[in-house]
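# Overview (structure and organization)
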Amino acid sequence: MLALACLPGCKRVPNESANKDPAAKRTAAALGLIPADADIVFSLDLERLREQTAWTTVLSALAKDTKPFLDGFAAGTGLDVPRQLHRVLIALPAERQGDDRFVLIADADALDEARVTAWLRARLGEKIAVLIRNRSQIVVSQGAWSSTMAALASAARLTPSAADRPELLRLCTRAAVEHDLWFATVVPGTVRRGLMQEPRFSDVASIARVSGFVNLNSSAHVEVVAELSNTADATELVHRLGVYLNQAKRHPEMLVRGLAPYLESVRLAAHDARVHATIDLSGEQLGECIERIEALAHGTWTK
């Protein structure tokens, strides 16, 4: 449930509007560089996030852990991430592969191609492929997707890409139009068939798409939407998640770490064949929650 609540997604907007929107066009172009077997897409629009009040809270809460990395990155590449990085998009397969394949695309101000490439290759190793496009875009990939990505970045573009999958393209462009931090996935048939083998997961196996978003205006609003094949499974899934959520609220670890009160903000609902999970936190709650999660991740408690 915690993982579900942290995922970002999309609101429904007309396809015509999405196709004309600059953010949707950029997203479609980025998907054109991603292999067609990608299933999960995360996107972060830093240009738009910088205009949101609660984004400052997130940065402040993460500052002590991210500052050493950001300082080293700036020194090595000449790129000041907080000021010069505009957008980041990450694509992954739904099922982990032996080569840990992924693609990361970052848009930034004018880049020193040789400097950025040398620093990234030195830090990330030989398994990582780095491509700088038009001195304004960094493309990093790993595993089998590195060769595929190189083919997609060529002028010929004879290889199918994620942009050639209408369902994934629609989810991602809709998300990009209205949200700055979002997530979208089309659940592969292989994953759903695997879940169908477990009777207790029959409702989960019905999930065809999952999307979500985070809005960081004066407060934080997180919403995740799972689209299922039928209303009965949606109702059952809400019930199942509700049971897990209530158990988590009373779990000793959640109580000791002070995370239980945040779980009280989670709301679950079924609308037709869709399951909605939402959480709203004030700016102060958001900062405290991030600090507590950081402490948990580090295995220490500072509050």
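Above this text you will find the structure in question.
Let us look at the structure shown here.

Rules of the game
Residues numbered from 1 in each chain as written. Predicted model: local features only at pLDDT ≥ 70, side-chain atom pairs only at ≥ 80, totals over all residues. Heavy atoms only, no water. Buried < 20%, exposed > 50% of the residue type's maximum accessible area, 1.4 Å probe, protein only. Helix = DSSP H or I, 4+ residues; strand = E, 2+ residues; numbered from the N terminus. Pairing = 2+ DSSP bridges. Core = buried A, V, L, I, M, F, W, Y, C linked by side-chain atoms within 4.5 Å. Contact = heavy atoms within 4.5 Å. Salt bridge = Lys/Arg side-chain N within 4 Å of Asp/Glu carboxyl O. Phe/Tyr/Trp six-rings, centres within 6.5 Å; stacked < 30°, edge-to-face > 60°. Axes fitted to C-alpha atoms, helices over the stretch in contact; angles between N-to-C directions. Left-handed = near helix turned anticlockwise from the far one by under 90°.

In this section: the pairing of strand β6 (residues 181-186). β6 sits mainly inside the fold: five of its six residues count as buried. Pairing analysis gives five bridges linking strand β1 (residues 40-45) to β6, with the strands arranged antiparallel. Following the sheet pairing, Phe-42 is matched in β6 by Phe-183.

As a further point, take the pairing of strand β10 (residues 274-282). Both strand β8 (residues 219-228) and β10 contribute to a ladder of nine bridges, which runs antiparallel. Looking at β10, one finds that Ala-220 is bridged to Leu-281. Two strands pair when backbone bridges link them, and strand β9 (residues 266-271) and β10 are joined in this way by six bridges, in the antiparallel orientation. Pairing of Leu-268 across the sheet is with Ala-277, part of β10. Once β9 ends, the chain turns through two residues before running back antiparallel as β10, passing Asp-272 with a positive phi of about 55°.

Of all hydrophobic cores here, the largest spans 38 residues; its most connected members are Leu-79, Leu-85, Leu-111, Leu-120, Ile-138, Leu-216 and Leu-286. Looking at this core, the element that brings in the most residues is helix α5 (residues 53-77), giving five residues. If sequence neighbours within four positions are ignored, Ile-138 has contacts with Leu-79, Leu-104, Ile-105, Ala-106, Leu-111, Val-116, Leu-120, Leu-131 and Ile-132. Ranked by size, the runner-up nonpolar core spans 24 residues in total, among them Ala-23, Leu-31, Ile-105 and Met-149.

Quick look at the pattern of salt bridges now. Taken as a whole and assessed by the stated rule, the structure comprises 17 salt bridges. The partner of Arg-101 in a salt bridge is Asp-99, and the shortest N-O contact between them spans 2.9 Å. Take Arg-101: its relative accessible area is 18%, and that puts it in the buried class. For Asp-99, a relative accessible area of 25% puts it in the partly exposed group. One salt bridge connects Glu-227 with Arg-209, and the closest N-O pair in it is separated by 2.9 Å. One end of the pair, Glu-227, is in strand β8; the other, Arg-209, is in strand β7 (residues 207-216), and 18 residues separate them in sequence. The exposure classification of Glu-227 matches that of Arg-209, with both residues buried. Through salt bridges that share partners, Arg-26, Asp-45, Arg-48 and Asp-180 make up one connected network.

A few words on the environment of Thr-53. With respect to the helices, strands and loops of the structure, Thr-53 is situated in helix α5. Note: C-alpha distance between Thr-53 and Arg-165 (112 residues apart in sequence) is 35 Å. Discounting chain neighbours no more than four positions away, the residues touching Thr-53 are Leu-216, Asn-217 and Ser-218.

Now for the packing of aromatic side chains. Inspection of every chain in the model, using the stated rule, returns three aromatic pairs. Ring centres of Phe-42 and Phe-183 lie 5.1 Å apart, and the angle between their planes is 45°; this geometry places the pair in the tilted category. Taken together, the residues Phe-42 in strand β1 and Phe-183 in strand β6 connect sequence positions 141 residues apart. Note on Phe-69 and Phe-73: the rings are 5.8 Å apart at their centroids and 40° apart in plane angle, and the pair reads as tilted. With Phe-69 and Phe-73 both in helix α5 and four residues apart, this pair spans about one turn of that helix. With relative accessibility at 51%, the residue Phe-69 sits in the exposed group. The exposure class assigned to Phe-73 is buried, which follows from its relative accessible area of 10%. Three or more aromatic residues link up through ring pairs in this structure, and these residues are Phe-69, Phe-73 and Trp-119.

What follows covers unusual backbone geometry. Of note in the backbone geometry, Asp-100 takes a positive phi value of approximately 50° without being a glycine. Relative to the assigned elements, Asp-100 resides in the loop between β2 (85-92) and β3 (102-108). Relative accessible area serves as the criterion here: at 32%, Asp-100 is assigned to the partly exposed category.

Between helix α3 (residues 22-31) and helix α9 (residues 166-178), the shortest axis-to-axis distance is 8 Å and the interhelical angle comes to 145°. Our pair here, α3 against α9, has a crossing hand that is right-handed. When α3 is examined against α9, the residues Ala-23, Ala-24, Thr-27, Ala-28 and Leu-31 are found in contact with a partner set consisting of Leu-169, Cys-172, Thr-173, Ala-176 and Val-177.

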